[in-house]
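Understanding the architecture of this molecule
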Amino acid sequence: MGFEEDCLQALRGCCRDDAAFEQLCGLLSTMDQDTFQRATYYKAMLDASPDLMFRISAEGQYLDFKANGVRSIPQDVVLGKYLTDLLPPDVAELCQSVIQKALTSGKLQTCEYQLTEPTGQRYYEARVAVSGPQEVLWVVQDVTDRQQVAEELRASEERLQSFFDATFEAVVIHNYQRILDVNPAAEDLFGYTYDEMIGMSVLDLADMESKGSIAQRWRSLNSPTQPYDYESIGIRKDGTQFIAEVSVKAIYYRGTLARVASIRDVTVQRRSEQVVRESESRNRALLQAVPDLIFRIRRDGTYLDCKAGENSTLMVPAENLIGKSVYDVLPPKVAEERMQYVHRALETGKIQNFEYQLKLAMIQPYAGLDQLYRQMVSQPDGSPIDPNHLRDYEARVVVSGEDEVIAIVRDISDRKRSEDALRQSEEKFSKTFKSSPNPMTIATLGDGRLMDVNDGFLETFGYNREDLLGHSVYEINFWVNPAQRDEMVQILQTKGEVRNLEYQFHTRTGEIRDVLFSAEIIQISGQACLIDVMTDITERKRTEQKLLEAAERDRLLGQIALRIRESLDLQQILNTTVTEVRQYLKADRVCIGHGGDNEDTGVIIAEAVVPQWSSLMGSLLTDPEHLRELKELFSNGQVRVLTDTQQMTGYPAIAAHYARFQVRAALSVPIMLENSFFGLLVVHQCSGPRHWQPSEVELMQKLAVQVSIAVQQAKLYEKVRDLNRDLERKVQERTAELQQKMEELQELNELKDEFLNAFSHDLRTPVMGISLVINNLLNQPGDTIPVSRMILERMVQSNQHQLQLIKSFLEAHSAETRGVHLNPELVQLGLLVQVIVEDLEPLVQKNKATLVNEVPPDLPLVNADPVQLRRVFENLVTNALNHNPPGIHIRIGATVEEDWIRFTIEDNGVGMSQETRDRLFQRYSRGPKSRHSTGIGLGLYLCRQIVTAHGGQIGVISEPNQGATFWLTIPLAIPTGANLLPEE
């Protein structure tokens, strides 16, 4: 039985999937055209389909139908009826329009619709294909389950998105380096907008101290999916910080392994916990830290309780006092006084304070009282105390109940003695203050009103005491910069003291003195005052200034000399000289002139001038009288110093020149060249007369010597330059020849590239043709073909091998010219090596070898291309198998060294010579003892290219008959000492 192509296409369109169509075709292939009629075939096709099938006319009338095994529908319910009779109006209208579109276009149509049935809402998908004139075949599939799964998936995603958006905790999704997604809570917590956070470095959300610990936490992970928790200091956009509690888990985000971090601000919680702990600690320590004796005393004087610290003066145990009366413990007078204050506190409800004294003679008549206070028994060295020795006490009495009080007793004997010592100290201070040679004052802190000054102050600044006391330092204009006193007072109020701050003060005559100023705040009669000590450093400052000026002169001379040594540009040297000299001397004009090309002219060849004064640069001096006067003044090398040019006599031409260019003071130094007058180095002061210092004259003389050296050097350079011109010409000619050779080599290189492309194309084409023929022969049915299958398979393998050689040849060429292309991702190399070892096990067994994997499974993560690294390990292992006799032992190991993982592939084979090692990683290099290899020597070359592209290195350690150890290094994804921020 045969079917037309259109009929088969209609059957395919009606089938739910390819499996159903294949089942239908298999059924049709078994039919005998002479035995079965078309109706039988039609019924078989209907039975083969698992879906509901209807024949419907163009008017929407059901002509025939076939029910599936799940749903049984009586014939009279469907046949002869119309779509509008069995379906809701909207569904019937949709189906009718799809039928018309199928009949009009002749193409398969699909539609989806819903029906409400007793079991609930059901979803259907229909396929409509033309099955005859004005009729279609309608195939219906119940997709309710699929639709419900899709709805549940959408609902789940919506719930997850709602949770992601509504949760109070900040959520950040990242890939260790960049932020991929955040929720609104993260925007609120960190102060960034969503667009600002996407693409940021995740470590930018932590402060600098926390970044290192977070990176260390990442490096400690054993697996890319390992969850972890930690606390760190987060930092917001505005720079404020908070304590962050972070919980991190791995997720697949948009098809890529990422990390979702839940971040909670626990600053308030942690601070509250700290405050509670500190409060509890303070409350516990408060009572323990009180050094006083504390007693609870009843109205009648009975001790109810007693607290004494380890260092208290109470000798007898506290429990021995409980139940006794104050009259039994203290002398009568002291006991009576204490009880008066007890009763007064109970009557008024107010705290009562009083002081009293005890001496040993007062309490000796009373048994047991000699054990009450340690100080009243003996001295610290154990010697007895004078019976008349007094101890001072202070007591506070406060009501603690209806008929009881608490009495806090403190031994203030030391304080009393301190007060006496203070009075004595004040007397000593007064003597020291008045007799100190350093200036000292006591003044009020706020307005600086002087309360006292010592003789050293009066001698240094020339004042009388009567002119100062009661007056403010502002009134006498003592501070050169009064604002500095206000700053000093602020420092005093903050730190309580100032030490050796440098200020300037006026003497009585107006002279300025430099002083090192120290001060502290003291209280006098309840008023804040300051006492200061001043050290006059005026002379020292002047000496330092002279040293600085000398150092600056030396620096200027050194810089000019260095310019002369480093540069052969005379004009640059001269310009630098006049500029530096003008800035150093703060002059109005500095210039250098010389006699020009003949003795009848002069010219200014370098100048530095303040803009407000006229420039002399380039001006010619042609006045014979002026030239004569200059030669007369400077021909013997003498320096000319003029404090005021208006007082100059005897040289009218020079005086007129000064008047024309407004020169009021001048310093002129001759520049001598081989004992001959070359020119002048001149300094002008135009703003007014100037007294030239001897140091300035000396500096100009030294600079004139340096300028003469520069001139001589420039003349020598002219001669050398002339000698080099011929050499430069010859170099240029030789360079042109080399350039021509370079162009020829470039052309040869281009020809080589064309040859490689042609070679690969011509070799690939016949090989691929043979492969296609052989594959077509193998696809023929039956086991017998003209050529045996084994031979054909070997031919295919041979062709594949040739193609692989061509591929390796092109890869090597591509790697040499364009580099290795990588698709990096985070890789756990321990797991990758384990998979490689398992895949190579058949090859290892074939070579009767042993392969031992000693690579730790918990290596740190690397950012690498796993496919390319797999090629490296496979090439190194197969290289060891191919270049050694059967039965060798191979070991793979790995160690972490600083920021690298170092792998070793070690074998106990035949080893190699130094010559072999030197060319091992070159292109087309093959081992001399290879047993089976038919390659072209590109494996190890590609290994080196791949490892180098990852930023690592590869090498080999070997000696003949001692095996070989190949090693390679791969950098860690997160280096140990890295800042972990992506490079900008």
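**Structural notes on the overall build of the chain**
The secondary structure content of the chain amounts to 28 helices and 33 strands. The 984 residues of the chain split such that 39% are buried. Sequence-distant contacts, at least 24 apart, represent 52% of the contacts inside the chain between residues at least 6 apart. Only carbon and sulfur atoms are counted for the fraction: they give 51% of the accessible area of the chain, which is about 56800 Å².

**What to know about the packing of helix 21 (residues 624–634) against helix 22 (residues 652–660)**
For the pair helix 21 and helix 22, interaxial distance at closest approach is 8 Å and the crossing angle is 105°. Regarding the angle of helix 21 to helix 22, the classification is roughly perpendicular. The segment helix 21 lies against helix 22, with Glu-625, His-626, Glu-629, Leu-630 and Leu-633 engaging Pro-652, Ala-653, Ile-654 and His-657. Broken down by class, the residue content of the contact of helix 21 with helix 22 amounts to five nonpolar, two polar and two charged.

**As for the nonpolar core**
One finds Leu-829, Ile-890, Ile-892, Ile-901, Phe-903, Phe-966 and Leu-968 to be the most contacted residues of the largest nonpolar core, which totals 42 residues. Of all the secondary-structure elements, those providing two or more residues to this core are helix 25 (829–846), strand 29 (862–864), helix 26 (866–882), strand 30 (889–897), strand 31 (900–907), helix 28 (939–949), strand 32 (954–958) and strand 33 (964–971). Setting aside its immediate chain neighbours within four residues, Ile-901 contacts Leu-829, Leu-859, Pro-860, Val-862, Ala-894, Thr-895, Val-896, Leu-968, Thr-969, Ile-970 and Leu-972. Residues Ala-587, Ile-592, Ile-671 and Ala-704 belong to the second largest nonpolar core, which totals 29 residues.

**Structural notes on the sheet that holds strand 1 (residues 52–57)**
As summarised here, the arrangement of the five strands in space is 2-1-5-4-3, forming an open sheet in which the pairing is antiparallel. Sheet topology places strand 2 (62–66) and strand 3 (109–117) at the edges, where each strand pairs with a single neighbour. Geometrically, the sheet is characterised by an average inter-axis angle of 25° between neighbouring strands, direction not taken into account. Where strand 1 meets strand 5 (residues 135–142), six bridges bridge the pair, whose relative direction is antiparallel. Each residue of the ladder has a partner; that of Ser-57, found in strand 5, is Glu-135. Of the strands in this sheet, strand 1, strand 3, strand 4 (120–132) and strand 5 touch helix 6 (residues 89–105), which is tilted by about 165° from strand 3.

**Some points on the confidence of the model for the chain**
Of all residues in the chain, 76% have pLDDT values of 70 or greater, and the mean over the chain is 79. Across residues 31–36, where pLDDT falls below 50, the model places nine contacts with residues more than four positions away in sequence or in other chains. Across residues 361–380, confidence stays below pLDDT 50; counting only partners more than four residues off in sequence or on other chains, it has 47 contacts.

**Comments concerning the side chain of Ser-708**
Of note, Ser-708 is situated in helix 23 (residues 694–778). The residues contacting Ser-708, other than those within four sequence positions of it, are Ile-671, Met-672 and Leu-673.

**A word on the pairing of strand 14 (residues 390–399)**
Of the strand pairs in this sheet, strand 14 and strand 15 (residues 404–411) are connected by seven bridges, and their pairing is antiparallel. Looking across to strand 15, one finds that Glu-394 is bridged to Arg-410. If you look at the hairpin formed by strand 14 and strand 15, you'll find four residues sitting between the two strands.

**Description of empty space enclosed by the protein**
To find leftover empty space, one rolls a probe the size of a water molecule over the atoms. All chains considered together, the criterion is met by seven cavities of 30 Å³ or more. Reported here for the largest cavity is a volume of approximately 180 Å³. Looking at the largest cavity, it is lined by 17 residues, and the ones nearest its centre are Val-202, Leu-205, Ile-214, Tyr-230 and Ile-263. When contributions to the lining of the largest cavity are tallied by element, the ones reaching two or more residues are strand 6 (170–174), helix 10 (208–219), strand 8 (228–235), strand 9 (241–253) and strand 10 (256–265). A per-class count over the lining of the largest cavity returns 14 nonpolar, three polar and no charged. Taken as a whole, the second largest cavity spans an internal volume of roughly 100 Å³. Mapped by element, the contributors of at least two residues to the lining of the second largest cavity are strand 16 (440–444), helix 18 (482–495) and strand 20 (527–536). With three residues, the top contributor of residues to the lining of the second largest cavity is strand 20. When grouped by side-chain class, the residues that make up the lining of the second largest cavity number eleven nonpolar, one polar and two charged.

**A closer look at the state of the cysteines**
Going through the model one piece at a time under the given rule, you end up with zero disulfides. Of all cysteine sulfurs, the one in Cys-111 lies closest to Cys-95, which takes part in no disulfide; the gap is 5.1 Å.

**Some thoughts on the environment of Ala-704**
Among the structural elements, Ala-704 can be located in helix 23. According to the relative accessible area criterion, Ala-704 is buried, its value standing at 4%. On a C-alpha basis, the gap between Ala-704 and Val-669 in space is 6.8 Å, while along the polypeptide they are 35 residues apart. For Ala-704, the residues in contact, after removing those within four places along its chain, are Val-669, Pro-670, Ile-671 and Leu-681.

**Comments concerning helix 22**
Those residues of helix 22 not exposed but buried are Ala-653, Ile-654 and Tyr-658. Looking down the long axis of helix 22, one finds its buried residues gathered within 140° of arc, a one-sided arrangement. Residues of helix 22 that are exposed and point more than 90 degrees away from the buried face comprise Pro-652, Ala-659 and Arg-660. In this structure, the buried side of helix 22 is in contact with helix 21, strand 24 (640–642), strand 25 (665–673) and strand 26 (676–685). In the segment just after helix 22, Gln-662 is the residue with positive phi, at about 55°.

**Concerning the layout of surface pockets**
Quantified by volume, the second largest pocket comes out at close to 890 Å³. If you trace the second largest pocket, you find 42 residues lining it, with His-594, Gly-602, Leu-621, Leu-627 and Leu-630 closest to the centre. Among the elements of the structure, strand 21 (589–594), strand 22 (602–609), strand 23 (620–621), helix 21, strand 24, helix 22, strand 25 and strand 26 are those that each provide at least two residues to the lining of the second largest pocket. Sort the elements by how many residues they give to the lining of the second largest pocket and strand 26 lands first, with seven residues. Looking at the lining of the second largest pocket residue by residue, the classes come out as 20 nonpolar, 16 polar and six charged.

**Quick look at the packing of aromatic side chains**
Here a ring pair, both rings aromatic, is described through the centre-centre distance and the interplanar angle of the planes. Within this structure, the stated rule accounts for 23 aromatic pairs. With 5.3 Å between their ring centres and 55° between their planes, Phe-295 and Tyr-303 make a pair best called tilted. Given the relative accessible area of 4%, Phe-295 is considered buried. Where Tyr-341 meets Phe-354, the ring centres are 4.3 Å apart and the plane angle is 5°; that geometry is what we call stacked. Remark: Phe-354 occurs in strand 13 (residues 352–359) and Tyr-341 occurs in helix 13 (residues 332–348); sequence separation between them is 13 residues. An aromatic cluster is built from Phe-457, Phe-461, Tyr-463, Phe-478, Trp-479, Tyr-503, Phe-505 and Phe-517, whose rings are joined through pairwise contacts.

Conventions adopted
- Residues numbered from 1 in each chain as written.
- Predicted model: local features only at pLDDT ≥ 70, side-chain atom pairs only at ≥ 80, totals over all residues.
- Heavy atoms only, no water.
- Helix = DSSP H or I, 4+ residues; strand = E, 2+ residues; numbered from the N terminus.
- Buried < 20%, exposed > 50% of the residue type's maximum accessible area, 1.4 Å probe, protein only.
- Contact = heavy atoms within 4.5 Å.
- Areas by Shrake-Rupley, 256 points an atom, 1.4 Å probe, with all protein chains shown as cover.
- Axes fitted to C-alpha atoms, helices over the stretch in contact; angles between N-to-C directions.
- Parallel < 35°, antiparallel > 145°, perpendicular 65-115°, else oblique.
- Nonpolar A, V, L, I, M, F, W, Y, C, P; charged D, E, K, R; others polar.
- Core = buried A, V, L, I, M, F, W, Y, C linked by side-chain atoms within 4.5 Å.
- Pairing = 2+ DSSP bridges.
- pLDDT = per-residue confidence, 0-100.
- 1 Å grid on protein atoms, 1.4 Å probe; cavity = no way out; pocket = protein on both sides within 12 Å on 5 of 7 lines; lining within 4 Å.
- Points joined across faces, edges and corners; volume = space filled by probe spheres on them.
- Disulfide = S-S within 2.5 Å.
- Arc of directions from axis to C-beta.
- Phe/Tyr/Trp six-rings, centres within 6.5 Å; stacked < 30°, edge-to-face > 60°.

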